[in-house]
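Next come the chains, spelled out residue by residue.
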Amino acid sequence: MNNLRGVIMGNIAKIKKVSEVFYKILTAILFLIPIFYIIFWWRINDLPTSFINVNMTPENIIQNKLSPSLQLIGFGVSLLPMGVLMYGFYYIRRLFGLYREGMVFTSDHSLFFKRLAKAFILWIFSSIVYESATSVIFSIGNPPGSRVLTVGVSSSEMLTLLIACVIWVISWVVDEGRILAEENKFTV
Amino acid sequence: MPIIIKLDVLLAERKMKSVELAGLIGITEQNLSILKTGKAKAIRVSTIEAICRHLHCQPGDILVYEE
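Residues numbered from 1 in each chain as written. Chains lettered and ligands numbered in written order. Predicted model: local features only at pLDDT ≥ 70, side-chain atom pairs only at ≥ 80, totals over all residues. Heavy atoms only, no water.

(A) Representation of the overall build of chain B. Of regular secondary structure, chain B possesses 5 helices and 2 strands. Start at the N end of chain B and walk to the C end: the helices and strands fall as β-α-α-α-α-α-β. Against the compact-globule benchmark of 11 Å for 67 residues, chain B has a radius of gyration of 11 Å, which places it among compact chains. Taking the principal axes of the C-alpha coordinates as reference, chain B spans close to 30 × 20 × 20 Å. (Helix = DSSP H or I, 4+ residues; strand = E, 2+ residues; numbered from the N terminus. Rg over C-alpha atoms; globule rule 2.2 N^0.38 Å.)

(B) Expanded view of helix 3 (residues 29-36) of chain B. Within the sequence span of helix 3 of chain B, burial applies to Leu32(B), Ile34(B) and Leu35(B). The buried residues of helix 3 of chain B occupy one face: seen down the axis, they fall within an arc of 155 degrees. In this structure, the buried side of helix 3 of chain B is in contact with helix 4 (155-185) of chain A together with strand 1 (3-5), helix 1 (7-13), helix 2 (18-25) and helix 4 (45-55) of chain B. Two residues or fewer past helix 3 of chain B, Gly38(B) is found with a positive phi of approximately 75 degrees. (Buried < 20%, exposed > 50% of the residue type's maximum accessible area, 1.4 Å probe, protein only. Arc of directions from axis to C-beta. Contact = heavy atoms within 4.5 Å.)

(C) Highlighting the UniProt feature "domain: HTH cro/C1-type" (unreviewed entry) in chain B. Mapped onto the present numbering, the UniProt feature "domain: HTH cro/C1-type" (unreviewed entry) falls on residues 7-62 of chain B. The span residues 7-62 of chain B carries 68% helix and 0% strand; its end-to-end C-alpha distance comes to 6 Å. (UniProt positions renumbered as here; feature names shortened; annotations may be inferred.)

(D) Seen up close, the side chain of Thr134(A). Residue and element names in this part refer to chain A. In this fold, Thr134 is placed in helix 3 (residues 107-139). Here Thr134 falls in the buried class, since its relative accessible area comes to 6%. A distance of 3.0 Å separates the side chain of Thr134 from the backbone oxygen of Glu131, its partner in a polar contact. (Polar contact = N/O pair within 3.5 Å; in protein donor to acceptor, adjacent residues only side chain to side chain.)

(E) Structural detail: the nonpolar core. Residues and elements named next belong to chain B. Ranked by size, the top nonpolar core spans 21 residues in total, and within it Leu7, Leu21, Leu32, Leu35, Leu55 and Ile62 carry the most contacts. Among the secondary structure elements, those contributing two or more residues to this core are helix 1, helix 2, helix 3 and helix 4. The dominant element in this core, judged by the number of residues it contributes, is helix 4, at 5 residues. (Core = buried A, V, L, I, M, F, W, Y, C linked by side-chain atoms within 4.5 Å.)

(F) Helix 2 of chain B, seen in detail. Residue and element names in this part refer to chain B. When helix 2 is considered as a whole, its buried residues turn out to be Ser18, Leu21, Ala22 and Ile25. Seen end-on, helix 2 carries its buried residues on one side only, within an arc spanning 100 degrees. In the core, the buried residues of helix 2 are packed alongside helix 1, helix 3 and helix 4.

(G) Spatial organisation of unusual backbone geometry. Residues and elements named next belong to chain B. Even without being a glycine, Lys15 presents a positive backbone phi close to 55 degrees. As for its position among the elements, Lys15 is in the loop between helix 1 and helix 2. Residue class for Lys15 comes out exposed when judged on its relative accessible area of 76%. One non-glycine residue with positive phi stands out, namely His56, at about 50 degrees. Examined against the element boundaries, His56 turns out to sit in the loop between helix 4 and helix 5 (59-62). Overall, His56 belongs to the exposed group, its relative accessible area being 66%.

In structure tokens, the structure reads:
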């Protein structure tokens, strides 16, 4: 019994230590996400398709420079995926906030996993809307007949949906873990 | 709850304090308090064994069923 307790306490200590690191990383990511989107749309006219080029002249992401008003509209549309990303990372961060306190099975864990699954589903819709909007924004400077509206669902959306379902099931498992943990708390 | 824990009675008879018994059987005083106050949902056989060993009693002296 004392061996088992020792193993459990060892695991909890590891969880706390690693979760502290993840919590800090996720806090930084939460700050960086909006900064990334701001810089992206502010410098969109100068951004290359890749930053590392060997023996190649880098091409710009867009061929026709966007006016400031289009950049602003693009940023406005990007608030949708940005909001979803921040929503998702906020709840991952809160999860690791609990883990760093040594709490592994509470009702909050189940709730946060459900919110994370929701974030994945919202990401699917927001990225479809965002990709469609940016296809218009990027091509609006083209001559008539060459402007594009792209609406698509690809395998990455299907994968995201699958991940969302898996996380939803995990929330049920975590809730079951909570019940067991509560029973264990009152087992002498 | 129909199962009554008679630990307080035994401790008084043996003139032993809760903290002392908790230390002897290897559980925290908080856990022993959960047991004494009837809040426990389950008791391990190893815990009953340890209590009986240190209080020189039978399991039936600790756990009593009353309708």
